[in-house]
Amino acid sequence: METDLAERAKEAFVDDDFETAVDLYTQAISLKPKNADLFADRAQANIKLKNFTEAVADANKAIELDPLMTKAYLRKGTACFKLEEYHTAKAALEKGASLAQNDSRFAKLITECDERIAEETSDLNRSSMPKVPVAPIPANASVVSQSSDGSAGNPEEAEQGRSESSQVKEMESFEPKYRHSFYQKPEEVVVTIFAKGVPSKNVIIDFGEQILSVAIDVPGENKYHFQPRLFGKIVPSKCTFAVLSTKLEIRLVKADAINWPSLEYNQEVAVPQRVNVSLGSQRPTYPSSKPRTQDWDKLEAQVKKEEKEEKLDGDAALNKLFGDIYKNADEDMRRAMVKSFVESNGTVLSTNWQDVGSKKIEGSPPDGMELKKWEY
């Protein structure tokens with residue numbers, strides 16, 4: 001069965017129907033989850049769809065199942081290159097090249113990685129150089145004439161300027177589906193995405209050398225992507241995340257103990273200094289996406305307190321009440337709760353096993369409501 005699905009997936013790939021190919025490969029993988037070729041081939045289809053994070057995950061799984069599969073290293077290197085993770089891409093490509101010394105594709109991509117790494121190093125060096133102050137314009141210097149509204153004298157240039165300004169305002173007015181913020185400590189950066197009530201199964205978070213990738217795909221809603229190139233490097237294996245009732249909390253472990261002036265990489269921001277933690281009574285403060293200084297330890301404690309005291313309603317409140325009682329109950333009480341709740345179709349909850357253990361519990365619907373049995 002999985003062989004037939006794989007063949008159909010290859011045909012879809014040849015026909016440039018990459019979405020169908022990914023879907024068919026996924027079905028084949030569900031039937032044969034230890035097949036490295038299926039993961040490697042799905043990685044290639046994801047690359048065509050520009051799902052580079054998913055492609056890296058597929059390539060990693062293929063490598064885990066078959067460490068000698070050269071095409072898996074090639075696809076991991078390609079996807080990482082597209083994510084601008086050039087060091088990670090180069091490491092994967094070099095491993096693949098050692099297994100397939102006659103494949104020129106590895107050498108070509110490794111050369112491109114070296115070029116991009118050199119460019120990054122050059123950009124960082126330039127950003128750390130002091131800026132030269134601009135000399136004031138002499139009083140007798142000639143200037144371009146301007147109209148009364150401050151626009152340039154050339155009507156075409158003025159119209160172009162207004163058009164660009166309008167486009168900028170439109171872009172600035174666009175707001176993403178979920179708001180995010182961050183704060184940092186000497187050893188980690190904590191990113192918060194305020195997404196309330198999102199099931200954990202609909203969240204995919206992946207970490208790269210200098211990439212954070214967040215995807216939230218809730219059926220019936222537009223897919224949310226947040227994939228910043230981070231200001232500094234992180235240690236992917238040590239990064240963690242938690243899907244909470246009101247937000248996603250992502251903890252990025254820094255590779256170097258430096259202050260991040262911003263969450264995302266910016267060539268214009270100077271290279272930050274290493275963090276020097278004071279041993280005195282005064283706690284150090286760190287830059288963040290907020291303009292004012294905050295006591296982040298106090299804020300984190302406050303958020304956790306609010307989550308603990310969060311008022312729930314409806315099914316959420318009922319489930320929490322049931323869970324709290326069940327957690328603190330003894331074995332007989334738990335048996336009584338489960339038996340009474342199940343047999344009464346969720347209308348009776350008893351903790352007295354002596355009362356409910358020897359009889360069947362009939363449903364007791366609220367006044368004005370009728371109990372109906374489910375038909376299977």
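Residues numbered from 1 in each chain as written. Predicted model: local features only at pLDDT ≥ 70, side-chain atom pairs only at ≥ 80, totals over all residues. Heavy atoms only, no water.

- Looking at an unreviewed UniProt entry, the protein carries the name Protein SGT1 homolog, with the source organism given as Actinidia chinensis var. chinensis.

### So, the environment of Leu31
Inference 1: Within the fold, Leu31 resides in helix α2 (residues 18-31).
Inference 2: The class of Leu31 is partly exposed, set by a relative accessible area of 47%. (Helix = DSSP H or I, 4+ residues; strand = E, 2+ residues; numbered from the N terminus. Buried < 20%, exposed > 50% of the residue type's maximum accessible area, 1.4 Å probe, protein only.)

### Describing the packing of helix α5 (residues 70-82) against helix α6 (residues 86-99)
Inference 1: It is the contact of α5 with α6, at a shortest axis distance of 8 Å, that shows an interaxial angle of 160°. Of the possible angle classes, the one that applies to α5 and α6 is roughly antiparallel. Considering only the axes of α5 and α6, their crossing is left-handed. Across the interface between the two elements, Thr70, Tyr73, Leu74, Lys76, Gly77, Cys80 and Phe81 of α5 pack against Tyr86, Thr88, Ala89, Ala92, Leu93, Lys95, Gly96 and Leu99 of α6.
Inference 2: Each residue belonging to the contact of α5 with α6 can be placed in one class, and the counts come to 9 nonpolar, 4 polar and 2 charged. (Axes fitted to C-alpha atoms, helices over the stretch in contact; angles between N-to-C directions. Parallel < 35°, antiparallel > 145°, perpendicular 65-115°, else oblique. Left-handed = near helix turned anticlockwise from the far one by under 90°. Contact = heavy atoms within 4.5 Å. Nonpolar A, V, L, I, M, F, W, Y, C, P; charged D, E, K, R; others polar.)

### What to know about the packing of helix α3 (residues 36-48) against helix α4 (residues 52-65)
Inference 1: Put simply, α3 and α4 touch, their axes get as near as 8 Å, and they point 160° apart. Our classification of the angle between α3 and α4 gives roughly antiparallel. For the pair α3 and α4, the crossing hand works out as left-handed. Along the contact surface, α3 presents Ala36, Phe39, Ala40, Arg42, Ala43, Asn46 and Ile47, while α4 presents Phe52, Glu54, Ala55, Asp58, Ala59, Lys61, Ala62 and Leu65.
Inference 2: Here the contact of α3 with α4 is composed, by residue class, of 10 nonpolar, 1 polar and 4 charged.

### A few points about the sheet that holds strand β5 (residues 224-226)
Inference 1: Pairing within the open sheet is antiparallel, and its 3 strands lie in the order β3-β4-β5. For this open sheet the edge positions go to β3 (203-207) and β5, each flanked by a neighbour on one side alone. Across the sheet, the mean angle from the axis of one strand to that of its neighbour is 10°, orientation sign disregarded.
Inference 2: Inspection of the sheet shows β3 paired to strand β4 (residues 212-216) by 5 bridges, in the antiparallel sense. If you follow Ile205 over to β4, its bridge partner there is Val214. (Pairing = 2+ DSSP bridges.)

### A short note on the state of the cysteines
Inference 1: Within this structure, the stated rule accounts for 0 disulfides.
Inference 2: Left without a disulfide partner, Cys80 is nearest to the cysteine sulfur of Cys113, which lies 8.9 Å away.
Inference 3: Residue classification places Cys80 among the buried residues on the basis of a relative accessible area of 2%. (Disulfide = S-S within 2.5 Å.)

### Some words on the sheet that holds strand β1 (residues 179-184)
Inference 1: The strand order across the open sheet built from 4 strands is β1-β2-β7-β6, with neighbouring strands paired in antiparallel fashion. Of all the strands in the sheet, the pair left with one neighbour each is β1 and β6 (240-243). Strand-to-strand twist across the sheet, computed as the mean angle between neighbouring axes with direction ignored, equals 15°.
Inference 2: Sheet topology places β1 next to strand β2 (residues 188-194); 6 bridges connect them, and they run antiparallel. Residue pairing across strands places Phe182 opposite Val191, the latter belonging to β2.

### Remarks on the pairing of β3
Inference 1: Of the two faces of β3, only one is covered, namely that formed by Val203, Ile205 and Phe207; the face formed by Ile204 and Asp206 stays uncovered.
Inference 2: Connecting β3 to the antiparallel partner β4 that follows it, the hairpin turn spans 4 residues.

### Concerning α3
Residues spaced three or four apart along an α-helix face the same direction, because each turn holds 3.6 residues.
Inference 1: Here α3 is 13 residues long and its end C-alpha atoms lie 19 Å apart, about the 18 Å a rise of 1.5 Å per residue gives.
Inference 2: The buried count for α3 comes to 10 of 13 residues, which makes it a mostly enclosed element.
Inference 3: Of the residues making up α3, those classed as buried are Ala36, Leu38, Phe39, Ala40, Asp41, Arg42, Ala43, Ala45, Asn46 and Ile47.
Inference 4: The backbone nitrogen of Asp37 has a side-chain oxygen 3.0 Å away, supplied by the residue at the start of α3, namely Asn35.
Inference 5: Lys50 sits one or two residues past α3 and shows a positive phi near 65°. (Expected span 1.5 Å × (residues − 1). Polar contact = N/O pair within 3.5 Å; in protein donor to acceptor, adjacent residues only side chain to side chain.)

### Some remarks on helix α11 (residues 331-343)
Inference 1: For α11, built from 13 residues, the straight-helix expectation of 18 Å at 1.5 Å per residue is met to within 8% by its first-to-last C-alpha distance of 18 Å.
Inference 2: For α11, the set of buried residues is Ala336, Met337, Lys339 and Ser340.
Inference 3: Of the residues that open α11, the one with a side-chain oxygen 3.3 Å from the backbone nitrogen of Asp332 is Asp330.
Inference 4: Downstream of α11 by one or two residues, Asn345 has phi in the positive range, about 55°.

### Some words on the packing of aromatic side chains
Inference 1: Taken as a whole, this structure holds 3 aromatic pairs when the rule is applied.
Inference 2: Here the aromatic rings of Phe13 and Phe18 are separated by 5.2 Å at their centres, their planes lie at 65°, and the arrangement is edge-to-face.
Inference 3: Since its relative accessible area comes to 22%, Phe13 is described here as partly exposed.
Inference 4: Above the plane of the ring of Phe194 lies Arg179, whose end atom (NZ or CZ) is 4.1 Å from the centre. (Phe/Tyr/Trp six-rings, centres within 6.5 Å; stacked < 30°, edge-to-face > 60°. Lys NZ or Arg CZ within 6 Å of the ring centre and 35° of its normal.)

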